[in-house]
Amino acid sequence: MYYLLSQLSLTDLMYICTTVPKMAFNFLSGQKGISFLGCGTQMFFFSMLAGSEGLFLSSMAYDRFVAICHPLHYPIRMISLFGNSAMIFLIRVDSRLHIPMYFLLSQLSLTDLLYICTTVPKMVFNFLSGQKSISFLGCGFFLFMLLMGVECLLLAVMAYDRYVAVCHPLHYSILMRPTVSASMVTGTWLCALLNALAHVTYTMNLPYCSSRQIHHFFCEISALLRLVCMDTSLYENSLFISGIVFLLFPILAILASYGKILSTVVGLRSNLGKRKALTTCSSHVIVVSLFYGTAISKYFLPKAYHSAEQDEVNSIFYTILTPMLNPLIYSLRNKEVAGAFRKVLGR
């Protein structure tokens, strides 16, 4: 509510800064002219701000509607948006968090934030307008496939980061230097991009039956395949291979990393060192369990073991609940993030 109010205040402030300075200058100097470039600039900002204010007022009305009519759903969306945005902001402004671990965490928060922005706006529009439709182009599920691939690989990279930090602390600054961590993140986005492009291009060219009713709350590939008028077993095998690359390999890498971390922690003599290592890694283990648990149960189990309704429930976990819980898990269990938050608040 107050975040939207702050954006409205910012828009109004920019309104004043767009028109009043020139008016004041003309009044004080006695001139009544404006250059062609100045006029175009004023028109651009005025049009942009007028559109922004209209959208903000609509968003504020929806915010109040959800808070009053659907109070149980309100915290989920607000926590997801505010929590992930706040995590990115804290990591950006606090120099103590400018290390590879928090750079990777900021990428995870960005991915979760984009998850919410990919599915929720259309759901909100359909809910408010009473419609239950989406265009064929809008149903391309490209962003969903991209973000899911990024998160799968990114969680594995984060596990490797923790493995190096705990098992090879003296080499951490070399093995996880900024160029290496940036290359890893770039690689995750590129691999996920190629995977999403391949699946979207093929799926959008399949022959669909006359019924276009999707038994889901957003366009997901498993729901679309139920509408295809041809045998999709060969393509489903390719999906299974993608699942191995983006789900099975990363989870094996994560298990190997944490197996090595556990053996190293057990060998530590200092109880303080053990506690610090376990606290640092426990947050990541919780996130991994939430995300991979639901994704594997959906994409690796045979169709006979899960219905369309169960698929919807699983999708809620990794598209809505996990993005909401991630910033809470990392902030509540991380002293550095909590300290950065208190610093921003001036405490």
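Parameters at a glance
- Residues numbered from 1 in each chain as written.
- Predicted model: local features only at pLDDT ≥ 70, side-chain atom pairs only at ≥ 80, totals over all residues.
- Heavy atoms only, no water.
- Core = buried A, V, L, I, M, F, W, Y, C linked by side-chain atoms within 4.5 Å.
- Buried < 20%, exposed > 50% of the residue type's maximum accessible area, 1.4 Å probe, protein only.
- Helix = DSSP H or I, 4+ residues; strand = E, 2+ residues; numbered from the N terminus.
- Contact = heavy atoms within 4.5 Å.
- Patch = residues over 30% accessible without salt bridge, like charges linked within 9 Å, V, L, I, M, F, W, Y side chains within 5 Å.
- Areas by Shrake-Rupley, 256 points an atom, 1.4 Å probe, with all protein chains shown as cover.
- Salt bridge = Lys/Arg side-chain N within 4 Å of Asp/Glu carboxyl O.
- Axes fitted to C-alpha atoms, helices over the stretch in contact; angles between N-to-C directions.
- Parallel < 35°, antiparallel > 145°, perpendicular 65-115°, else oblique.
- Left-handed = near helix turned anticlockwise from the far one by under 90°.

K.L.:
Sorry, what's going on with the nonpolar core here?
P.N.:
Soluble globular proteins tend to bury their nonpolar side chains together. Ranked by size, the top nonpolar core spans 63 residues in total, and within it L155 and Y292 carry the most contacts. Of the residues forming this core, the biggest block, 17 residues, is contributed by helix α5 (residues 142–167). Discounting residues that sit within four places of it in the chain, L155 has contacts with L108, I254, H284, V287, V288, F291 and Y292.

K.L.:
Help me understand a nonpolar patch on the surface in this model?
P.N.:
Together, L10, L13, M14, F44, F45 and M48 line one region of the surface with nonpolar side chains, adding up to about 540 Å² of accessible area. At the level of elements, α1 (2–29) and α2 (36–69) are the ones that each hand at least two residues to the nonpolar patch. Of note, L13 is situated in helix α1.

K.L.:
Can you help me understand the environment of L110 in this one?
P.N.:
Looking at where L110 falls in the secondary structure, it is placed in helix α4 (residues 100–129). Overall, the relative accessible area of 31% leaves L110 in the partly exposed class. A sequence separation of 213 residues divides L110 from P323, and the C-alpha atoms of the two residues are 9.7 Å apart.

K.L.:
Is there a simple way to think about the packing of α5 against helix α9 (residues 233–266) in this case?
P.N.:
Packed helix pairs are specified by the crossing angle of their axes together with the interaxial distance, meaning the distance between the axes. In contact at an axis separation of 9 Å, α5 and α9 are set at 15° when each is read in the N-to-C sense. Between α5 and α9, the crossing angle belongs to the class labelled roughly parallel. Relative to α9, α5 is oriented so that their crossing is left-handed. Where α5 approaches α9, its residues G149, C152, L153, L155, A156, A159, Y160, R162, Y163, V166 and C167 are matched on the opposing element by V245, F246, L247, P250, I254, S257, Y258, K260, I261, T264 and V265.

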